[in-house]
Each structure stands twice: as C-alpha cells, then as structure tokens.
Amino acid sequence: MNSLRLLPVVFVVAFACQNGTSGNHNLHHLFNNTAFLLKDSSLNIHFKQKEGNIWIYPNEHARRVDSAEFFLAAEEVKNFAPLFYTLAEEELLTIYQENRKDSLSTPGIFYTPWTGSPDSNLPLQGLRVALDAGHHAGNLEAAEIEGKYVKMRPSPATDMQEINFFEARLTLTTALLLAKNLTKYGAEVFLSREQDGKGTLGLSFEEWQTHQMEADLAAEMEAGRLTREETTFYRRKANQKQLGRLFNNLDLRARAKKINAFRPHLTLVLHYNVDAANYKNRDTEGYFPSNGRNYAMTFIPGAFMTGELDDVEDRLEFLRLLITDDLEESLKLSQAVMSELSDQLHLPIVNESYNLSYLERACVQVDSGIYARNLSLTRLVHGPVCYAEPLCQDHPLEAQALNKQDLTVNGLRTSSRIHDVVAAYEAAILKYAISK
C-alpha cells in the first residue's frame, strides 16, 4: 500500500453542483474522477470524456466501435446532474436507457440545496441528514448469522469479564441518540432503520424467511439479478448465513432507495469495526482472541473493481459520480468525521502498517484514514456520504466499555461509550455544514 497522502486533485470536465456549494447551477470543474472512481484501470473501456462531453459504454466491444449506450453533451451536464436528486431510480434508469434528455430545461426542480441557517441558535435548520444504522440483528443469535458480533472469554485482557454484544444494537442506539441531538440544532433527520432486530422494511431476518423470501426471489429472478439456478439454490440448499447475505443485500438496496427518496444533504452510514486479522482468528465457537489494535477509518464512493460496471444500474451511478460533486463533498464530510473521531475518541488513524488486505485489494486511498470503496451504500446513496468505522470492538478496552449495558436509548440497553461516538459525529456534522 502506498504511504498515507492526499492525492492530487485534477479538474477535467464541467458539472453542476448540487449540495449548496452553488445554488445557481453554474458550470464548475469536476472533482478528480478517475483517480478515485477506478480501482481497476481496465474499466476505462466503459467511458470517454472529451471537452466536457461524456460517453458511457456497456462493454469493450461497444467502446471499440464507439457505440455509446448514453451520451451527455457538455452543455447538458448542468441540467442532467440535478436529476439524481429529484427523480426515482426507475425514472433515471428509463431516461438513461432511452437516451431521453428532452425534459432537462428545469434543473433541480423539487430539490433545494442547503445554503446555511439564518438562525444562530439552530445552525442546522433546514439541513436534511440521513442516518443509516448498520446491520439489523436484535439478539446475539441473529448477529452471529450476520457475523457482526463480539464474544470474548474471560481473561486478564478483559479484566476477567465475559464479553458478549453485537454491532447492530450499537449502531441503532448511536443513530437514535445522534438524531435526537441533531434535531435540537434544527436538522431534519431520517433514519433508514428504527426498529431493533429489523431491517429497513420492518422485517427481521426470520420474518423475511417466513413471509417475504419467496416473493423476493421471484422478483430478483425477473429483474435479472438472480439466475434460475441461483434462485433454486437459495430455495433448497442455502444455509442460514448464505440466506442472511441475500437478505442483507436486499435490505441495503431498500435502504438506499428510502434514503434517496428523503433527498438528504448528507448521509452518515454508521458502523463499528473489528480488526480484520483478529476476526479470522476466532475459535470454533466464535470467540475472539484479545486484539491490541484500535483505529478509525471512513469510506467514500469510488474504487470500482473488475466486473463492477457490467450492470447498467451501476454504470448509471458511475455517471452520477462523474458529473456531480458527490465525491468531493463526501471527502469533505469524511475529513470532518475523521478529525473528530480521532480527536474526541483518542483513536489512531488506520495506516499501511496495519496490513489490512481489503484496503489494498478493494480501496483507493484518498486522505489519511479515508478510502474510496465501492460498497452498496457508497455506490447507491446520492449526495455526500460518509461510511464510518470509528473503533475496533474487539480491542480489550473497547470491548469492556461496549459490553456494559449502562445506558438506555429508546428503551434499548446499550453502552454509554456511544455517547463519545455521538459527540464526535455531532461535532463533525456541525463543522461540515457550517463551513458550507
């Protein structure tokens, strides 16, 4: 992995700014697109840029014969970009697939950029913030199916405590508490998940299996996202963890759809981390050994890898990242978040010495502790997004703190350690918003 650094910014084409940095839709220079968007340079076959014009290609043959599936002229960019914040995914896809740009004369309709609050007592008045509480388990058994839990046997490292907690409860109570605090500043807050043990559509994994799985499998096959063979596998052979991954993928798409319908000015995706190497060292009963490493990191959109532009829906999102300022604003938001997480939680920022294989394999480093990564929510959520991983739950001191059930949020028992995390997020959002 390269040493930590801020990659150079190269401005290459024009675009329309959407999140308050310009309310009049003047042309602006595009943020450094290819340096952050592409992990694999072979994906250059999917697009071409020249003098502000953009061509998108479905495959290498189409690129070779210059048969674009979508063309956007430089003068159309300023009117097309705001559609990503005003239209539903289905409408956008129809316009894209039909190359229909005949209704672009009224940019930004139904979308109001946030340009600050006139009330110093309510500095976030009018700001729409989406909070996504990662995962969905409501008990340890469900969390073990997700693979998002921490169990540690009593040892001197844990002060002879048995550790037993799961991430979904931490993220949900963090989101609930943060939402309450941001509302006091005047923000309008949307939570993609509000119920303990349930996904964004209000179903637990078990309820989904009983009541919704068959319908979803049929819908996925009809949409071409699952083959008949894959559908049969899920119906007849898949184990609980494999079905859990399917449920999670469906849930993530539903979360993104609901978040985009809210039209947020910023989105914070809330997670807690575990040290990747330590996760692999769990014993046969799923217990973690003690981990001496603790760190913070965040992810922003980008770093598309081989095969990740094969689907038309993904090429549409790629186009969005080319022509809007979502990448640039996601970086600014993540810089504020990383600064506050590091300072307020006294956390080291992850770096190459940790030898985390997924950072090398699937990410592009953007700034200290900030990586472009093509996760479902960094790709599908429109607008500035920060996907935050603030600490390692399996660090012995963190594990002891997070294991405590010494705080109640909306009737849910959780750890008071989340107060510190919420304070960092709160300060970061204020810093980012007020700087606009």
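Here the structure is a predicted model, which is why all the values come from computation and not from measurement. (Residues numbered from 1 in each chain as written. Predicted model: local features only at pLDDT ≥ 70, side-chain atom pairs only at ≥ 80, totals over all residues. Heavy atoms only, no water.)

Within the protein, the secondary structure is distributed over 17 helices and 16 strands. With respect to the three principal axes, the spread of C-alpha positions in the protein is 65 × 60 × 40 Å. Contacts in the protein between residues far apart in sequence, at least 24 positions, make up 73% of those at least 6 positions apart. Approximately 18500 Å² of the protein is accessible, and the part contributed by carbon and sulfur atoms is 48%. If the 44 positive side-chain charges of the protein are averaged to one point and the 56 negative ones to another, these points end up 1 Å apart. (Helix = DSSP H or I, 4+ residues; strand = E, 2+ residues; numbered from the N terminus. Contact = heavy atoms within 4.5 Å. Areas by Shrake-Rupley, 256 points an atom, 1.4 Å probe, with all protein chains shown as cover. Lys, Arg positive; Asp, Glu negative; His and termini not counted. Charge placed at Lys NZ, Arg CZ, Asp CG, Glu CD.)

Across the sheet, seven strands lie side by side as β9-β6-β10-β14-β11-β13-β12; this open sheet has mixed pairing. The open sheet is flanked by β9 (188-191) and β12 (363-367), the only strands paired with a single partner. For this sheet, the mean angle separating the axes of adjacent strands, direction not counted, is 25°. Where strand β6 (residues 128-133) and strand β10 (residues 266-270) come together, five bridges link them in parallel fashion. (Pairing = 2+ DSSP bridges. Axes fitted to C-alpha atoms, helices over the stretch in contact; angles between N-to-C directions.)

We now examine the pairing of β6. β6 sits mainly inside the fold: six of its six residues count as buried. The alternating pattern of β6 places R128, A130 and D132 on one face and V129, L131 and A133 on the opposite face, and all of these are buried. Sheet analysis places β6 next to β9, joined by four bridges and oriented parallel. Bridging from a neighbouring strand, A130 pairs with F190 of β9. (Buried < 20%, exposed > 50% of the residue type's maximum accessible area, 1.4 Å probe, protein only.)

Among the structural elements, S415 can be located in the loop between β16 (412-414) and α17 (417-434). For the pair S415 and K404, spaced eleven residues apart in sequence, the C-alpha separation works out to 5.2 Å. Leave out the neighbours within four places in its chain, and S415 touches A401, L402, K404, D406 and L407. There is a polar contact of 2.6 Å between the side chain of S415 and the backbone oxygen of A401. (Polar contact = N/O pair within 3.5 Å; in protein donor to acceptor, adjacent residues only side chain to side chain.)

A few words now on the pattern of salt bridges. Tallied over the entire structure, the rule returns 22 salt bridges. With a closest N to O distance of 3.6 Å, R153 and E285 form a salt bridge. Of the two residues, R153 sits in the loop between β7 (149-152) and β8 (163-166) while E285 sits in the loop between α11 (276-280) and β11 (297-300), which places them 132 residues apart along the sequence. A relative accessible area of 49% means that E285 is categorised as partly exposed. A salt bridge links E329 to K332; the nearest nitrogen and oxygen atoms lie 3.3 Å apart. Of the two residues, E329 and K332 are both situated in helix α13 (residues 326-345); the distance of three residues between them amounts to about one turn of the helix. (Salt bridge = Lys/Arg side-chain N within 4 Å of Asp/Glu carboxyl O.)

Within the fold, F233 resides in helix α9 (residues 228-236). For F233, the contacting residues outside a window of four places in its chain are A238 and Q242.

Following the criterion strictly, the structure yields 15 aromatic pairs and no others. For the pair F70 and Y96, a centre-to-centre distance of 4.7 Å together with 20° between the ring planes defines the contact as stacked. With a gap of 26 residues between them, F70 in strand β5 (residues 70-72) and Y96 in helix α4 (residues 89-98) connect regions that are remote in the sequence. Taking relative accessible area as the criterion, F70 reaches 0% and is therefore assigned buried. Residue classification places Y96 among the buried positions, given a relative accessible area of 1%. Site record: aromatic cluster; members linked through ring pairs are F70, F80, F84 and Y96. Geometry around Y287 places R153 over its ring, the cationic atom sitting 3.9 Å from the centre. Over the ring of Y279 we find R282; its NZ or CZ atom is 3.7 Å from the centre of that ring. (Phe/Tyr/Trp six-rings, centres within 6.5 Å; stacked < 30°, edge-to-face > 60°. Lys NZ or Arg CZ within 6 Å of the ring centre and 35° of its normal.)

Turning our attention to the packing of α13 against α17. Where α13 contacts α17, the axes come no closer than 8 Å and their chain directions differ by 140°. Considering the angle they form, α13 stands oblique to α17. Every pair of crossing elements has a handedness; the one defined by α13 and α17 is right-handed. Where α13 approaches α17, its residues E329, K332, L333, A336, V337, S339, E340, L341, Q344 and L345 are matched on the opposing element by R417, D420, V421, A423, A424, Y425, A427, A428, K431 and Y432. Broken down by class, the residue content of the contact of α13 with α17 amounts to twelve nonpolar, two polar and six charged. (Parallel < 35°, antiparallel > 145°, perpendicular 65-115°, else oblique. Left-handed = near helix turned anticlockwise from the far one by under 90°. Nonpolar A, V, L, I, M, F, W, Y, C, P; charged D, E, K, R; others polar.)

On to the sheet that holds β5, then. Spatially, β3-β4-β5 is the arrangement adopted by the three strands of the open sheet, whose pairing is antiparallel. Every other strand in the sheet has two partners, leaving β3 (47-50) and β5 as the edge strands with one partner each. Recorded for the sheet is a direction-independent mean angle of 10° between the axes of neighbouring strands. Of the strand pairs in this sheet, strand β4 (residues 53-56) and β5 are connected by three bridges, and their pairing is antiparallel. The residue of β5 that forms the bridge with I56 is F70. The sheet contacts of helix α12 (residues 312-323) involve β3, β4 and β5, and relative to β4 the element is tilted by about 165°.

All right, on to unusual backbone geometry then. Positive phi is not limited to glycine here, since A303 has a value of about 60°. With respect to the helices and strands, the residue A303 is situated in the loop between β11 and α12. The exposure class assigned to A303 is buried, which follows from its relative accessible area of 0%. A positive phi is found at H346, a non-glycine position, where the angle reads about 55°. Residue placement: H346 occurs in the loop between α13 and α14 (357-362).

Honestly, that's just the spatial picture; any functional story needs more than this.
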